[in-house]
Amino acid sequence: MKKKLFWLAGFAFFSFALMLLTKVPALGLDKAEFCGQCHVMYEQVETYLHSAHRLGANCGDCHIPHSLVYGATYKAYTGTRDIVAVLTDTAPKEIRVTKLGKDILQENCLRCHGGLLEQVGDTRENNGKYCFDCHRSTPHQK
Amino acid sequence: MIPNQYRNLAIFSIIVVIILGASGFYFFNAHNQDLEEKPMGEIAANEADPAVWGIYYPKHYESYLENAQNTAKPSHFETKPYMGPLYAGLGYADEFNEPRGHLYTLDDIREVNPKRYKTGAACNTCKSSQIPEIINKYGEDYYLKSFEEINSQLKHPIACLDCHDPKTMDLRISRPALIEAFERQGKDITKATRQEMRSLVCAQCHVTYYFLPETKKLTFPWDKGIKADQILAYFDEKNYSEWQHPDAGTGLVKARHAEYEIFMGSTHQSAGLACADCHMPYVKQGNVKISSHYWQSPLNNIEQSCTVCHREGIDWLKSRVKDTQAKTKEIQDIAGEAVVQAINELKVAKETPGVNQELLKQAQEMHRKGQWYLDYVMVTNGYGFHNPTESINNLGKAIDYAHKSIKLAREAVQKAS
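Conventions adopted
Residues numbered from 1 in each chain as written. Chains lettered and ligands numbered in written order. Predicted model: local features only at pLDDT ≥ 70, side-chain atom pairs only at ≥ 80, totals over all residues. Heavy atoms only, no water. Phe/Tyr/Trp six-rings, centres within 6.5 Å; stacked < 30°, edge-to-face > 60°. Helix = DSSP H or I, 4+ residues; strand = E, 2+ residues; numbered from the N terminus. Buried < 20%, exposed > 50% of the residue type's maximum accessible area, 1.4 Å probe, protein only. Contact = heavy atoms within 4.5 Å. Buried area = accessible area lost by both parts, 1.4 Å probe. Polar contact = N/O pair within 3.5 Å; in protein donor to acceptor, adjacent residues only side chain to side chain. Nonpolar A, V, L, I, M, F, W, Y, C, P; charged D, E, K, R; others polar. Salt bridge = Lys/Arg side-chain N within 4 Å of Asp/Glu carboxyl O. Disulfide = S-S within 2.5 Å. Expected span 1.5 Å × (residues − 1). pLDDT = per-residue confidence, 0-100. UniProt positions renumbered as here; feature names shortened; annotations may be inferred.

Q: What exactly am I supposed to notice about the packing of aromatic side chains here?
A: What describes a pair of aromatic rings is the distance from one ring centre to the other and the angle between the planes of the rings. All names here are of chain B. Per the stated rule, a full pass over the model turns up 22 aromatic pairs over all chains. On the numbers, 5.0 Å between centres and 90 degrees between planes, the contact of Tyr210 with Phe235 is edge-to-face. Of this pair, Tyr210 sits in strand E1 (residues 210-211) while Phe235 sits in helix H11 (residues 228-238); the two residues are 25 residues apart in sequence, bridging distant segments of the chain. Exposure remark for Phe235: the relative accessible area of 1% places this residue in the buried category. One aromatic cluster is present, formed by Tyr210, Tyr234, Phe235, Tyr240, Trp372 and Tyr376 through successive ring pairs.

Q: Sorry, what's going on with the interface of chain A and chain B here?
A: The parts lose accessible area when they come together, and the size of an interface is often stated as this lost area. If you look at the interface, chain A gives 20 residues, while chain B gives 21 residues. Between chain A and chain B, a total of about 1,800 Å² is buried, with carbon and sulfur atoms accounting for 54% of that surface. Among the residues of chain A in contact with chain B, Leu116, Glu118 and Gln119 of chain A are the three that bury the most area, contributing 33% of the side total. At the boundary of chain A and chain B, one finds 3 residue pairs in polar contact (both at pLDDT 80 or more). Split by residue class, the side of chain A that touches chain B holds 4 nonpolar, 10 polar and 6 charged.

Q: When you look at the pattern of salt bridges in this model, what are you seeing that I'm missing?
A: Pairs can form between side chains of opposite charge whenever their charged atoms are close. Enumeration over the complete set of coordinates arrives at 31 salt bridges over all chains. Residues Glu140 of chain B and Lys217 of chain B are paired through a salt bridge, measuring 3.3 Å at the closest nitrogen-oxygen approach. Taken together, the positions of Glu140 of chain B in the loop between helix H7 (131-138) and helix H8 (147-151) and Lys217 of chain B in the loop between E1 and strand E2 (218-219) put the pair 77 residues apart, joining distant regions of the chain. For Arg368 of chain B, the salt bridge goes to Asp236 of chain B, with nearest N and O atoms at 2.8 Å. Taken as a pair, Arg368 of chain B in helix H17 (residues 357-378) and Asp236 of chain B in helix H11 lie far apart in primary sequence, 132 residues in all. Three or more residues are tied together by salt bridges with common partners; here these are Lys99, Asp103, Glu107, Asp122 and Arg124 of chain A.

Q: Before we go on, may I ask you to explain the state of the cysteines in this structure?
A: One covalent bond between the sulfur atoms of two cysteine residues makes up a disulfide. Residue and element names in this part refer to chain B. Using the criterion set out here, one finds 1 disulfide over all chains in the structure. Not engaged in a disulfide, the cysteine Cys123 finds its nearest cysteine sulfur in Cys126; these two sulfurs lie 11 Å apart. Judged by its relative accessible area of 23%, Cys123 falls in the partly exposed class.

Q: Would you mind going over helix H1 (residues 4-31) of chain B with me for this structure?
A: Residues spaced three or four apart along an α-helix face the same direction, because each turn holds 3.6 residues. With 28 residues, H1 of chain B extends 41 Å between its outermost C-alpha atoms, agreeing within 8% with the 40 Å of an ideal straight helix rising 1.5 Å per residue. Counting buried residues along H1 of chain B, only 0 of its 28 residues qualify, which leaves the element largely exposed.

Q: Sorry, what's going on with the confidence of the model for chain B here?
A: Caution is warranted with low-pLDDT regions, since their predicted coordinates should not be read in detail. Of all residues in chain B, 98% have pLDDT values of 70 or greater, and the mean over the chain is 94. This prediction of the complex comes with two scores: 0.87 for pTM and 0.82 for ipTM.

Q: Looking at this model, I keep getting lost on the environment of Ala416 of chain B. Mind explaining?
A: Residue and element names in this part refer to chain B. Here Ala416 shows up in the segment after helix H18 (388-414). Put simply, Ala416 and Pro353 are 63 residues apart on the chain and 7.3 Å apart in space, counted from C-alpha to C-alpha. The residues contacting Ala416, other than those within four sequence positions of it, are Thr352, Pro353, Gly354, Val355 and Asn356.

Q: It is not clear to me how the UniProt feature "domain: NapC/NirT cytochrome c N-terminal" (unreviewed entry) in chain A should be interpreted in this structure. Could you clarify?
A: Residues annotated by UniProt as "domain: NapC/NirT cytochrome c N-terminal" (unreviewed entry) correspond here to residues 15-141 of chain A. Strand forms 0% of residues 15-141 of chain A and helix 49%; the C-alpha atoms that close the span are 35 Å apart.

Have a look at this one:
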């Protein structure tokens, strides 16, 4: 029993460490080349590769929370969900960002552009608009 | 307690942990501070002078001062000659110029013919940022004062205090008429969201209004709703006429720049936009973005106002707007001529001895409706662009009512006893 628990704990720790690894930049799991492998993302990837953001940000910089543990957890969740959708051919024709995804995006907009917006503030507050409600083709088409 | 050989190691470990903890805390704090500019001080609660606000918010003040460039005030009669006959009996028939914007509100109103000042103090309500304090001082008596008594106290035009809370810089509603209009509709304006407020601060003035007959209190006729037919129904129910047309003999109501009303429900508004999104676009000044406080036609800065969302190119966007405006103007001209013709027919009918009074009265009712729907569109800025379908819809009604009025007036003459 004790041995089983030990192995179980070891496996959980190992999985968690593996999950954290997905945030290691060298692995390139945030890059458009990786995310765009699935044909459902072609349109977004192609238009992103023609945008100015390609020089300074990859998919994960905007779509994944910045912090290591939360970011890796979120990435594992959405990654698994997307793989299942692609494998079972249930990916939507028109990909829409979730409410949680929107908030993550907005945080990441402000993470880089916060200085620019120090006078304006977070436009999302009190039922406001997200940055990308207006900048709707930045950095890629919907 | 701790064996001797481990004591030094333990002490060393504790020191390392403390140093690591302290430096971690220091670096985390040093690198995770929210970027924000702390306010430099406090602006007095009733500070009406924009120059004082400008000390604290120089970039916004600079863009506010750009409004001084707006010096043209063309007469409406140049492009809409039918306006004169429509407004016969009102001051508007003598002179009706486009105003020069927020910086010139006091200069412009002081230039109009003084005989129009008899309307009273309420005309000052949207001309100065000192008005909220003056209304506080006089209460309801404010509206009964003479124009000159209030106007002589005014130094500053429309400015910061009209829309901003000096303490928090949040948007605020300073004019009682809007708050009360919301209350009468059973709505609480303090519950408005950020995006709604970005239109509602404009709706303090850029709306249609009238003065209550007895108290002269400035009131928004919104109890039944804010659309042209709902406002007309409100006036009809009260049996209210602002003036009687001297030629047609019709009791009429006057629409005023119903910009907020017509914008509500439009394509842009239902997509979640507010007035400020197009008229106060975010502009870069140095390394920060601010909301432009230079209020003008978005066509003058399409790169900032339109192309953020619409990536189709400036020329194409401009041509789409111009197309809407030209078509609205075309149908508005037709409606204007039709209502003038109705006035002429009513004049003939009214002067015909023994004219059929019943039919004449019906013709005048049609004239009242037709002129209202026309006026609601005609005096609203933007030539229909704020809501193209609704503008054309109202103008269609105006033409129909004008034709009905013409027909009834002619019948009234034919059936003269």
